[in-house]
Amino acid sequence: MNPQANLIFIISLLLGTTITISSNHWIMAWTGLEINTLAILPLISKSHHPRAIEAATKYFLTQAAASALVLFSSMTNAWYTGQWDITQLTHPTSSLILTSAIAMKLGLVPFHFWFPEVLQGSPLTTGLLLSTMMKLPPITLLYMTSPSLNPTLLTTLAILSTALGGWMGLNQTQIRKILAFSSISHLGWMAVIIIYNPKLTLINFYLYAMMTATIFLTLNTIKVLKLSTLMTSWTKIPSLNAMLLLTLLSLAGLPPLTGFLPKWLIIQELTKQDMAPAATLISLLSLLSLFFYLRLAYCTTITLPPHTTNHMKQWRTNKPTSITIAILTIMSVMLLPISPMILTIV
């Protein structure tokens, strides 16, 4: 792709996100979402592969439907209450429609079917944007309207997302699809707590975005897209593979690593809100996704088992790892001890 065109699309993405997260009026928020959608489409379809074109079409149709629902919900609310302010979404029907629209934009169950397909058809760098930056505007809208949302509906969506994100990822061999189901599972954790403590949702999102960025950038460096190539990639940059193992375990939420922090805080908050059954259920369901993270981690560090067919091992590269990946990896693994400081900042 032409570098100038690429720059314009990236700037448009930043502009759309900024407009949405800083707006008070529903029409401005909707405009930001539309700019975002239109800016990411060329980045998804830039390889001109049929699968990429299909992914861009699916993404466009889903996001257009979700944006229409956002507009419909805000207009319904304005019709009944005379308010266009985002924080004044008080009408129950409008809240219900908005929750469905945001669930569709984020890829929460039962509106999740587009997300794995779109991520599978996109390049790794675009996949990173879809999993992190494109989720920020919808989560911001949920954050601003959290006092008037329906707790039962959101808890149901959250538990279903954690369950299906874990179950459907078990049988996958394509890494981008596994990361898509991982994203759906993490969104379940964010949705379950947003009504009770919205700041925890933001902490969870920031830490999730950081760990996912580390994984995508690492995979992009070692040029790996599926489990079978991940098994032979350990010869390329062994130290990076070792850190990828730790980042995957952190994303799974294992205790001494950064990823344990949001899960611990969310379970604690749910228990305070007398929602111990929901906390227990969502914790047990996250064990499903732990299984496929362990599968990825095993494939990352495996030295190939003996087999009869001849295979090519990749040469070890002397290409230096970028400083961005180094910093992100350290943060993805070692932030748990400074959790009190993180909580005071947020």
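Residues numbered from 1 in each chain as written. Predicted model: local features only at pLDDT ≥ 70, side-chain atom pairs only at ≥ 80, totals over all residues. Heavy atoms only, no water.

**Overview of the overall build of the protein**
Next up, step 1: The secondary structure content of the protein amounts to 16 helices and zero strands.
Next up, step 2: Computed over its C-alpha atoms, the radius of gyration of the protein comes to 20 Å, within 12% of the 20 Å expected for a compact globule of 346 residues.
Next up, step 3: Taking the principal axes of its C-alpha atoms as reference, the protein extends roughly 70 × 50 × 35 Å.
Next up, step 4: Per-residue burial over the protein gives 53% buried out of 346 residues.
Next up, step 5: When the accessible surface of the protein is summed, it comes to about 15200 Å², and 70% of that surface belongs to carbon and sulfur atoms.
Next up, step 6: Looking at the protein, you have 17 positive and 6 negative side-chain charges, and the mean spots of the two groups are 20 Å apart. (Helix = DSSP H or I, 4+ residues; strand = E, 2+ residues; numbered from the N terminus. Rg over C-alpha atoms; globule rule 2.2 N^0.38 Å. Buried < 20%, exposed > 50% of the residue type's maximum accessible area, 1.4 Å probe, protein only. Areas by Shrake-Rupley, 256 points an atom, 1.4 Å probe, with all protein chains shown as cover. Lys, Arg positive; Asp, Glu negative; His and termini not counted. Charge placed at Lys NZ, Arg CZ, Asp CG, Glu CD.)

**Quick notes on a nonpolar patch on the surface**
Next up, step 1: On the surface, a cluster of nonpolar side chains totalling about 260 Å² of accessible area is made up of Ile27, Met75 and Trp84.
Next up, step 2: The topology assignment puts Ile27 in helix 2 (residues 26–44). (Patch = residues over 30% accessible without salt bridge, like charges linked within 9 Å, V, L, I, M, F, W, Y side chains within 5 Å. Salt bridge = Lys/Arg side-chain N within 4 Å of Asp/Glu carboxyl O.)

**Some words on the domain arrangement of the protein**
Next up, step 1: Here the protein is described as being made up of domain 1 (1–122) and domain 2 (150–345).
Next up, step 2: The gap between the C-alpha centroids of domain 1 and domain 2 is 24 Å.
Next up, step 3: Each partner contributes to the interface: domain 1 provides 15 residues, whereas domain 2 provides 19 residues.
Next up, step 4: Interface area for domain 1 against domain 2, summed over the two sides, is near 1500 Å², with a carbon-plus-sulfur share of 74%.
Next up, step 5: It is Leu108, Val109 and Gln120 that lose the most area in domain 1 upon contact with domain 2, and together they represent 37% of the buried surface on that side.
Next up, step 6: Taken together, the links from domain 1 to domain 2 amount to one salt bridge.
Next up, step 7: Lys177 is the partner of Glu117 in a salt bridge, and the nearest nitrogen-oxygen pair spans 3.5 Å.
Next up, step 8: Where domain 1 meets domain 2, there are five residue pairs in polar contact (both at pLDDT 80 or more). (Domains from an automatic or database assignment. Contact = heavy atoms within 4.5 Å. Buried area = accessible area lost by both parts, 1.4 Å probe. Polar contact = N/O pair within 3.5 Å; in protein donor to acceptor, adjacent residues only side chain to side chain.)

**Focus: empty space enclosed by the protein**
Next up, step 1: Scanning the model with the defined rule gives four cavities of 30 Å³ or more in all.
Next up, step 2: Volume-wise, the largest cavity comes out at about 70 Å³.
Next up, step 3: Forming the walls of the largest cavity are Leu33, Asn36, Thr37, Tyr59, Gln63, Lys105, Trp114, Leu130, Met134, Lys135, Pro137 and Pro138.
Next up, step 4: For the lining of the largest cavity, the element with the most residues is helix 2, which contributes three residues.
Next up, step 5: Considered class by class, the residues forming the lining of the largest cavity number seven nonpolar, three polar and two charged. (1 Å grid on protein atoms, 1.4 Å probe; cavity = no way out; pocket = protein on both sides within 12 Å on 5 of 7 lines; lining within 4 Å. Points joined across faces, edges and corners; volume = space filled by probe spheres on them. Nonpolar A, V, L, I, M, F, W, Y, C, P; charged D, E, K, R; others polar.)

**Let's talk about the nonpolar core**
Next up, step 1: If you look at the biggest cluster of nonpolar residues, it comprises 97 residues, and the most contacted ones within it are Ile40, Tyr59, Leu130, Leu219 and Leu230.
Next up, step 2: Sorting elements by how many residues they give to this core places helix 10 (residues 198–222) first, with 13 residues.
Next up, step 3: Each of domain 1 (1–122) and domain 2 (150–345) accounts for three or more of the residues forming this core.
Next up, step 4: With near-sequence residues (within four places) excluded, Ile40 lies in contact with Leu13, Tyr59, Thr126, Leu129, Leu130 and Met134. (Core = buried A, V, L, I, M, F, W, Y, C linked by side-chain atoms within 4.5 Å.)

**So, the layout of surface pockets**
To find leftover empty space, a probe the size of one water molecule is rolled over the atoms.
Next up, step 1: By volume, the largest pocket is sized at about 150 Å³.
Next up, step 2: Along the walls of the largest pocket sit Trp189, Ala252, Gly253, Leu254, Phe260, Lys263, Ile267, Ser283, Ser286, Leu287 and Leu290, which together make up its complete lining.
Next up, step 3: Secondary structure elements with two or more residues in the lining of the largest pocket: helix 13 (260–272) and helix 14 (276–301).
Next up, step 4: In terms of residue count, helix 14 provides more of the lining of the largest pocket than any other element does, four residues in total.
Next up, step 5: Taken together, the residues of the lining of the largest pocket break down into seven nonpolar, three polar and one charged.

**A closer look at the pattern of salt bridges**
Next up, step 1: Going through the model one piece at a time under the given rule, you end up with three salt bridges.
Next up, step 2: Note that Lys58 and Glu54 form a salt bridge whose closest N and O atoms lie 2.8 Å from each other. Here Lys58 pairs with Glu54, and both are found in helix 3 (residues 50–81), just four residues apart, close to one helical turn.
Next up, step 3: On the accessibility criterion, Lys58 (28% relative accessible area) is partly exposed.
Next up, step 4: You can call Glu54 partly exposed: its relative accessible area is 40%.
Next up, step 5: The salt bridge partner of Glu117 is Lys58, with a shortest N-O separation of 3.8 Å. In this pair, Glu117 is assigned in helix 5 (residues 114–121) and Lys58 in helix 3, connecting sequence segments 59 residues apart.

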